[in-house]
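# Summary of structural features
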Amino acid sequence: GFTHRPPTPSSLLSFSDELAAKAAGRDLWHEDWLDAPWGTATVPVAVTSVFPERVVGVPDPYDDSIIWWGTVREGEPPKQLVEGGEYFVLKKIAE
């Protein structure tokens, strides 16, 4: 079954870590996918995985509190999970 494990002190960021990152011009809380280009049929989002398939979730274009789930598989053409949404392909990487 699922077991929740609280974070260990070594896995937590301190306020000084955040200040050091800010001084270096980095934002520890920024996620790169927010700035990534929109996945199109000709240039889809490459989802990386060591497995031959991966589950991807995308927000509903009309209600972002709803998430639509789908599976992208190695070797398949770009896949759009919701009409008007982004396209995805699986890019297999080495373990």
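Now for a description of the structure that goes with this document. (Residues numbered from 1 in each chain as written. Predicted model: local features only at pLDDT ≥ 70, side-chain atom pairs only at ≥ 80, totals over all residues. Heavy atoms only, no water.)

Let us look at the overall build of the chain. Per the secondary structure count, the chain includes 1 helix and 5 strands. If you list the helices and strands of the chain from N to C, you get α-β-β-β-β-β. Per-residue burial over the chain gives 16% buried out of 95 residues. Residue pairs at least 24 apart in sequence account for 40% of intrachain contacts in the chain once pairs closer than 6 positions are excluded. With an accessible surface of roughly 7,800 Å², the chain has 58% of that area assigned to carbon and sulfur atoms. (Helix = DSSP H or I, 4+ residues; strand = E, 2+ residues; numbered from the N terminus. Buried < 20%, exposed > 50% of the residue type's maximum accessible area, 1.4 Å probe, protein only. Contact = heavy atoms within 4.5 Å. Areas by Shrake-Rupley, 256 points an atom, 1.4 Å probe, with all protein chains shown as cover.)

Membership of the largest hydrophobic core is limited to 7 residues, which are Val-47, Val-56, Val-58, Val-72, Val-82, Phe-88 and Leu-90. Among the elements of the structure, strand E2 (53–59) and strand E5 (87–92) are those that each provide at least two residues to this core. Apart from the residues lying within four places of it in its own chain, the contact partners of Val-72 are Val-47, Pro-52, Glu-53, Arg-54, Val-56, Lys-79, Phe-88 and Leu-90. (Core = buried A, V, L, I, M, F, W, Y, C linked by side-chain atoms within 4.5 Å.)

A side chain with one charge can pair with a side chain of the opposite charge if their charged atoms come near. Counting across every chain of the model gives 1 salt bridge. With its nearest N and O atoms 3.0 Å apart, the salt bridge here joins Glu-53 to Arg-73. Taken together, the positions of Glu-53 in strand E2 and Arg-73 in strand E3 (residues 67–73) put the pair 20 residues apart, joining distant regions of the chain. A residue is classified by how much of its surface remains accessible, and Glu-53, at 41% relative accessible area, is partly exposed. On the accessibility criterion, Arg-73 (34% relative accessible area) is partly exposed. (Salt bridge = Lys/Arg side-chain N within 4 Å of Asp/Glu carboxyl O.)

What follows concerns the sheet that holds E5. Here we have 3 strands laid out as an open sheet, ordered E1-E5-E4, and mixed in their pairing. Here the strands that pair on one side only, and so sit at the sheet edges, are strand E1 (45–49) and strand E4 (79–80). In this structure, E1 lies alongside E5, joined through 5 bridges in parallel fashion. Following the sheet pairing, Val-45 is matched in E5 by Phe-88. (Pairing = 2+ DSSP bridges.)

Residues Val-55, Ile-67 and Trp-69 make up a contiguous nonpolar surface patch of about 340 Å² in total accessible area. The residue Ile-67 is located in strand E3 in this model. (Patch = residues over 30% accessible without salt bridge, like charges linked within 9 Å, V, L, I, M, F, W, Y side chains within 5 Å.)

Time to look at the layout of surface pockets. The volume enclosed by the largest pocket comes to roughly 560 Å³. Forming the walls of the largest pocket are 21 residues, and the residues nearest its centre are Trp-33, Val-45, Val-58, Glu-86 and Phe-88. Among the secondary structure elements, those contributing two or more residues to the lining of the largest pocket are E1 and E2. Counting residues per element, the lining of the largest pocket draws most heavily on E2, at 6 residues. (1 Å grid on protein atoms, 1.4 Å probe; cavity = no way out; pocket = protein on both sides within 12 Å on 5 of 7 lines; lining within 4 Å. Points joined across faces, edges and corners; volume = space filled by probe spheres on them.)

That is the geometry; function is a separate question.
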